[in-house]
Amino acid sequence: GTAFSAEDVVASVTLAGTVTAVTDHRVRVTLDQADAALPFSLSTVDQVIHPAHAPDSGIGTGLYRARHFAPGQQLLAERVARHWKDGRAGWFDRIELVSIPSEAVRAQALAEYLVDGADISDPSALRGFDDIALFDGHAVSRGIAMPMALGRGPFDGLRAPQRWWGA
């Protein structure tokens, strides 16, 4: 419900240098030394932009609005009414992302249809399940639509909703 601003970027981005707000929607990045990899550094998962007034709230600018957020445990979210990706992404009204640290437990949860997708580096426990797709360290129920970004897995970069539901 709050407008995204340059101050949110200033409060969120951490670099070897300074980030300052030039206008409400423009920032200036001044580095301590030249860095040709700056665009790549800014796109990493540790450079997520959070609102300056609530940095640990789970609030963002995506297709879904956080209803409950417990870092490292659970995210419950609902799709926003209108978004610039309408018609191209955000196919679910509500989502739940759950952290299950144990790979064996993730595989069991998928095999028992308690979750729809999971990161699985050793999918051998899931072989033989015709309704589970296995690929590149991921396992997904075939009942879930999987429009994915080219060459990316659905959980790459900690952007599951974007990668999984219409990148």
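The preceding data block contains the structure.
Quick summary incoming for the structure in this document. (Residues numbered from 1 in each chain as written. Predicted model: local features only at pLDDT ≥ 70, side-chain atom pairs only at ≥ 80, totals over all residues. Heavy atoms only, no water.)

## Structural notes on the overall build of the protein
Phase 1: When helices and strands are counted, the protein shows four helices and eight strands.
Phase 2: Each helix (α) and strand (β) of the protein, taken in turn from the N terminus, gives the series α-β-β-α-β-β-β-α-β-β-β-α.
Phase 3: Here the protein holds 167 residues, and 29% of them are scored as buried.
Phase 4: Pairs at least 24 apart in sequence give 26% of the contacts found in the protein among residues at least 6 apart.
Phase 5: Surface summary for the protein: the accessible area is close to 10,900 Å², and the carbon and sulfur share equals 53%. (Helix = DSSP H or I, 4+ residues; strand = E, 2+ residues; numbered from the N terminus. Buried < 20%, exposed > 50% of the residue type's maximum accessible area, 1.4 Å probe, protein only. Contact = heavy atoms within 4.5 Å. Areas by Shrake-Rupley, 256 points an atom, 1.4 Å probe, with all protein chains shown as cover.)

## Details of the sheet that holds strand 8 (residues 138–141)
Phase 1: Spatially, the three strands line up as an open sheet ordered 6-8-7, and their pairing is antiparallel. Strands at the two margins of the open sheet, each flanked by one partner only, are strand 6 (117–119) and strand 7 (132–135). Going from strand to strand, the sheet's axes swing by 15 degrees on average, the running direction of each strand aside.
Phase 2: Two elements, strand 6 and strand 8, share three bridges in a ladder whose sense is antiparallel. Its bridge partner lying in strand 8, D119 is registered against H138.
Phase 3: On the sheet, helix 3 (residues 103–111) packs against strand 6, strand 7 and strand 8 and is oriented at approximately 160 degrees with respect to strand 6. (Pairing = 2+ DSSP bridges. Axes fitted to C-alpha atoms, helices over the stretch in contact; angles between N-to-C directions.)

## Things to note about the sheet that holds strand 3 (residues 64–70)
The strands that make up a sheet pair up through hydrogen bonds in the backbone, lying either parallel or antiparallel.
Phase 1: Reading across from one edge, 3-4-5 is the order of the three strands in this open sheet, with antiparallel pairing throughout. Every interior strand has two partners, whereas the edge strands, strand 3 and strand 5 (94–98), have only one. For this sheet, the mean inter-axis angle between neighbouring strands, taken without regard to orientation, is 15 degrees.

## Side note on helix 3
Phase 1: Regarding helix 3, the residues found buried are R106, A107, A109, L110 and A111.
Phase 2: Next to the buried residues of helix 3 lie strand 6, strand 7 and strand 8.
Phase 3: Once helix 3 ends, the next one or two residues include Y113, with phi positive near 60 degrees.

## Some thoughts on the environment of A139
Phase 1: Note that A139 resides in strand 8.
Phase 2: Considered as a pair, A139 and D119 are 20 residues apart in the sequence and their alpha carbons are 6.4 Å apart.

## Observations concerning the nonpolar core
Phase 1: Counting eight residues, the largest nonpolar core consists of A107, L110, A111, A118, I120, L126, I132 and A139.
Phase 2: Of all the elements, helix 3 adds the most residues to this core, at three residues.
Phase 3: With sequence-adjacent residues up to four places away left out, A107 is seen in contact with I120 and L126.
Phase 4: Ranked by size, the runner-up nonpolar core spans six residues in total, among them Y64, A77, A89 and I95. (Core = buried A, V, L, I, M, F, W, Y, C linked by side-chain atoms within 4.5 Å.)

## Considering the pattern of salt bridges
Phase 1: In the structure shown here, the tally under the stated rule is three salt bridges.
Phase 2: Between E103 and R106 there is a salt bridge; the shortest N-O distance is 3.7 Å. In this pair, E103 and R106 both sit in helix 3, three residues apart, roughly one turn of the helix.
Phase 3: Assessed through its relative accessible area of 23%, E103 is described here as partly exposed. (Salt bridge = Lys/Arg side-chain N within 4 Å of Asp/Glu carboxyl O.)

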